[in-house]
Amino acid sequence: MTDPTLTTEIRNAVAKRRTFAIISHPDAGKTTLTEKLLLYSGMIQTAGMVRGRKGGKVAVSDWMGMEQERGISITASAMQFPYKNAIINVLDTPGHQDFSEDTYRTLTAADCAIMVIDAAKGVETQTRKLFEVCRLRGIPVMTFMNKMDLPGRDPLELMEEVENVLGIHSSAMNWPVGSGREFVGVVERSTQELILFAKKSVGGAAKAGIEKIPLSSPEAKTHISEELWEKLQHDMELLEVAGNPYNHEEFLKGKVTPVFFASALTNFGVETFFDAFVDMAPPPSARVADTPEGEILIDPVETPFSAYIFKLQANMNPKHRDSTAFMRICSGRFERDVVVKNHRLNKDLRLSQPHTMLAADRTTLNYAYPGDIVGVINPGVFAIGDTISLKGGFNFKPLPSFQPEIFAHIRPKNVEKRKPFDKGVAQMTAEGTVQMLSSWDGLDFYVAAVGRLQFDVLQYRLKAEYGVETVLETLPYQCSAWLVGDPDSFDPPVQVLKTRDRMDRPVVLFRTTWDKDYTAKKCPDHQFLDMA
């Protein structure tokens, strides 16, 4: 029998949760926005600008040495903190295009996404790819039009581009007053208030000052130049006539994206955006799972504890040489040291030392609820995509692998370092830093990645965490596919390399995309999959 007090506790906890990922092209300001969320929630006193790498501050959410050196997010870190009346779980996903695979897995753990767009550049390639992933998974997306404090494109033009390029309706929730140095505030369309901002610190280290004035009052006009006032009136009239009205149900279905204009760096418009986000973003909801009888819905409140592993990460803290498994809680209440079933292994496991993260700083926790991201010690028993629960009998949908496009041989410079080398490569393959392929005869192995930077990370971490310097030799193949059909009867018309992935599935490596397309035409009895 279910305990009504516990059910009420879980229901209240779920209603407060907002679990989301921030997606963007590199340099659009994603990590800066994450920092500002920490600033406005009171978790940090001053925000460290991301670009102050050499001597200044470093973003709290970037923990790996290589991230802090290069100023890019490489791993998807998860952080939890209170913001006003909500509990925020933010997944800081990698923006660098080579990390689309890690980002994809992380997006499965999110209930909503914030898409950060640089107002000077508009919708860029990586934004487009990540948005497609959100569309695939039915994740609602809010748009943060960033860098309004710098010279940029016309707001109406940016809104139009979002619609044309991404194929989604956009609805402006606020409207900028000026841009570049003249960016002084926004008009909140629902309240028809002019919100004026004032700088309170250098480089946006402290919260911005805010003054709210009704747009219809005579005072509003005195704060803005005549030219800006006329443009604002013109744009607002145009929006009323031609703009898309905001519909909350359509937003939750991923059919419309609410757009907010702001500057993460100066904090202009940041607080009003976060307040709107908490009001609009969905709390955790039911998730689809597979059973032998077919699909079922796992209700976050009524179903006892369940979760799935979406990320593995070793050596997050040099003092703790261990591996952490990150899980997204989907239902019920998680309790410290709970014994759960690992469905893949059909084994009972104790989840020890559960913790939540603020970058590399661990905070031990006793309870967690649906929507929360919890790290647990992984003694080598968890794999990415594992379902764990109290009851068993179902599996959450599997997480796909992406076709690698770059392949290499890697070996230790010093043969005596073979043991730590093997350990490091095995760990990073388990984490999904790279994919491991073995030759068809099983005598050789290759590392494979979606992009070159993944190899850089592999070599960097082997040296930093395992003390192994390596030699990497790339192979002359540019794309690959999972082979469906009898591998023995597969007779390609061009030179290919037949390999197996770590789940023993056949993977064919091609020298060019032309070779791949030509082979698909000439081998109609076989299928070639880009995702598996």
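Higher on the page you've got the structure.
J.: What is the right way to read the pairing of strand β7 (residues 174-177) from this model?
T.: Put simply, side chains in a regular strand alternate between the two faces of the sheet. Residues Asn174 and Pro176 of β7 are buried on one face, and the alternating residues Trp175 and Val177, pointing to the opposite face, are buried as well. Note that β7 and strand β8 (residues 185-188) share four bridges and pair antiparallel. By the bridge assignment, asparagine 174 is partnered in β8 with glutamate 188.

J.: Is there a simple way to think about the pattern of salt bridges in this case?
T.: If the charged atoms of two oppositely charged side chains come close together, the side chains can form a pair. Taken as a whole, this structure holds 27 salt bridges when the rule is applied. Lysine 231 is the salt-bridge partner of aspartate 235, the closest N and O atoms lying 2.9 Å from each other. Taken together, the positions of aspartate 235 and lysine 231, both in helix α8 (residues 226-242) and four residues apart, correspond to about one turn of that helix. Residue classification places lysine 231 among the partly exposed residues on the basis of a relative accessible area of 38%. In this structure, the salt-bridge partner of arginine 411 is glutamate 473, at a minimum N-O distance of 3.5 Å.

J.: Hey, could you run me through the nonpolar core in this one?
T.: In globular proteins that are soluble, nonpolar side chains generally tend to be buried together. One finds Met327, Phe334, Leu351 and Phe382 to be the most contacted residues of the largest nonpolar core, which totals 114 residues. Ranked by residue count, the leading element in this core is helix α10 (residues 270-280), at seven residues. When neighbours within four sequence positions are excluded, phenylalanine 334 is seen to be in contact with Phe305, Met327, Ile329, Leu351, Pro354, Leu365, Asn366, Tyr367, Ala368 and Val374. Ranked by size, the runner-up nonpolar core spans 15 residues in total, among them Ile406, Phe421, Phe455 and Leu472.

J.: Honestly, the packing of helix α2 (residues 30-40) against α10 in this entry has me stumped. Any pointers?
T.: Two packed helices can be described by the angle between their axes and the distance between those axes. It is at 10 Å that the axes of α2 and α10 come closest, and there the two elements cross at 85°. Our classification of the angle between α2 and α10 gives roughly perpendicular. The residues of α10 that touch α2, namely those facing Leu33, Lys36, Leu37 and Tyr40, are Val270, Glu271, Phe273 and Phe274. Classifying every residue of the contact of α2 with α10 gives six nonpolar, no polar and two charged.

J.: Just checking my understanding: could you explain the pairing of strand β9 (residues 193-198) for this structure?
T.: Strand direction decides the pairing type here: β8 and β9, joined by four bridges, are antiparallel. What sits directly across from valine 186, in β9, is isoleucine 195. Taking the residues that link successive antiparallel strands as the turn, the β8-β9 hairpin has four residues, and the phi of glutamine 192 there is positive, at about 55°. In this sheet, strand β10 (residues 209-214) lies alongside β9 in antiparallel orientation, the contact comprising six bridges.

J.: Looking at this structure, how should I read the layout of surface pockets?
T.: The method is simple in principle: a probe with the dimensions of a water molecule rolls over the atoms, and the space it marks as empty is what remains. Counted as a void, the largest pocket has a volume near 630 Å³. What lines the largest pocket is a set of 25 residues, among which Ile384, Leu399, Ser401, Arg502 and Met503 lie closest to the centre. Going through the elements one at a time, α4 (100-107), β24 (395-396), α11 (418-431) and β26 (435-439) are the ones with two or more residues in the lining of the largest pocket. Approximately 540 Å³ is the volume attributed to the second largest pocket.

J.: Just to check I follow, could you spell out the side chain of aspartate 372 for this structure?
T.: Along the chain, aspartate 372 falls in the loop between β21 (367-368) and β22 (373-377). When its relative accessible area of 3% is taken as the criterion, aspartate 372 is described as buried. Side-chain polar atoms of aspartate 372 contact the side chain of glutamine 80, separated by 2.9 Å. In this structure the side chain of aspartate 372 is engaged in a polar contact, spanning 3.0 Å, whose partner is the side chain of asparagine 89. Contacts of aspartate 372, omitting those with residues within four sequence positions, involve Arg17, Thr19, Gln80, Asn89, Met327, Arg328 and Ile329.

J.: Help me understand a negative patch on the surface in this model?
T.: Taken together, the side chains of Glu182, Glu226, Glu227 and Glu230 define an acidic patch exposed on the protein surface. Assignment of secondary structure puts glutamate 182 in the loop between β7 and β8.

J.: What exactly am I supposed to notice about the sheet that holds strand β29 (residues 479-484) here?
T.: Strand pairing in a sheet takes place through backbone hydrogen bonds and is either antiparallel or parallel in direction. Read across the open sheet, the eight strands follow the order β28-β25-β27-β26-β30-β31-β29-β32; overall the sheet is antiparallel. Here the strands that pair on one side only, and so sit at the sheet edges, are β28 (470-474) and β32 (527-529). Strand-to-strand twist in this sheet, taken as the mean axis angle between neighbours without regard to direction, amounts to 40°. When β26 meets strand β27 (residues 445-449), the two strands line up antiparallel, connected through four bridges. Each residue of the ladder has a partner; that of leucine 437, found in β27, is tyrosine 446. Helix-sheet contacts for α11 involve β25 (406-412), β26, β27 and β28, and the interaxial angle to β25 is about 150°.

J.: How should I be thinking about α2 in this particular structure?
T.: Counting along an α-helix, one turn takes 3.6 residues, and residues three or four places apart therefore face a common direction. Of all eleven residues in α2, eleven are buried; the element is thus mostly enclosed. Listed as buried for α2 are Lys30, Thr31, Thr32, Leu33, Thr34, Glu35, Lys36, Leu37, Leu38, Leu39 and Tyr40. Downstream of α2 by one or two residues, glycine 42 has phi in the positive range, about 85°.

J.: Help me out: how do you make sense of the environment of lysine 147 in this one?
T.: Turning to its location among the elements, lysine 147 is positioned in the loop between β5 (141-146) and α6 (155-166). When the C-alpha positions of lysine 147 and aspartate 118 are compared, they lie 6.0 Å apart, and in sequence the two are 29 residues distant. Excluding anything up to four places from it in sequence, lysine 147 contacts Asp27, Ala28, Asp118, Ala119, Ala262 and Ser263. At 2.6 Å, the side chain of lysine 147 forms a polar contact with the backbone oxygen of aspartate 27.

J.: Is there a simple way to think about the sheet that holds strand β13 (residues 294-298) in this case?
T.: With antiparallel pairing, three strands are arranged side by side in an open sheet as β13-β12-β24. Bordering the open sheet on either side are β13 and β24, each of which pairs with just one other strand.

J.: What am I meant to see in α8 here?
T.: Helix length check: α8 (17 residues) gives 24 Å between terminal C-alpha atoms against 24 Å at 1.5 Å per residue, within 8%. Taken together, the buried positions of α8 are occupied by Leu228, Trp229, Leu232, Asp235, Met236 and Leu239. Considered in projection along α8, the buried side chains sweep an arc of 130° and stay on one side of the axis. Exposed residues on α8 whose side chains face more than 90 degrees from its buried face are Glu226, Glu227, Glu230, Glu237, Val241 and Ala242. Looking at the buried side of α8, the elements it contacts are α6, β6 (169-172), β7, β8 and α7 (218-222).

Each value, and the rule that gives it
- Residues numbered from 1 in each chain as written.
- Predicted model: local features only at pLDDT ≥ 70, side-chain atom pairs only at ≥ 80, totals over all residues.
- Heavy atoms only, no water.
- Buried < 20%, exposed > 50% of the residue type's maximum accessible area, 1.4 Å probe, protein only.
- Helix = DSSP H or I, 4+ residues; strand = E, 2+ residues; numbered from the N terminus.
- Pairing = 2+ DSSP bridges.
- Salt bridge = Lys/Arg side-chain N within 4 Å of Asp/Glu carboxyl O.
- Core = buried A, V, L, I, M, F, W, Y, C linked by side-chain atoms within 4.5 Å.
- Contact = heavy atoms within 4.5 Å.
- Axes fitted to C-alpha atoms, helices over the stretch in contact; angles between N-to-C directions.
- Parallel < 35°, antiparallel > 145°, perpendicular 65-115°, else oblique.
- Nonpolar A, V, L, I, M, F, W, Y, C, P; charged D, E, K, R; others polar.
- 1 Å grid on protein atoms, 1.4 Å probe; cavity = no way out; pocket = protein on both sides within 12 Å on 5 of 7 lines; lining within 4 Å.
- Points joined across faces, edges and corners; volume = space filled by probe spheres on them.
- Polar contact = N/O pair within 3.5 Å; in protein donor to acceptor, adjacent residues only side chain to side chain.
- Patch = residues over 30% accessible without salt bridge, like charges linked within 9 Å, V, L, I, M, F, W, Y side chains within 5 Å.
- Areas by Shrake-Rupley, 256 points an atom, 1.4 Å probe, with all protein chains shown as cover.
- Lys, Arg positive; Asp, Glu negative; His and termini not counted.
- Charge placed at Lys NZ, Arg CZ, Asp CG, Glu CD.
- Expected span 1.5 Å × (residues − 1).
- Arc of directions from axis to C-beta.

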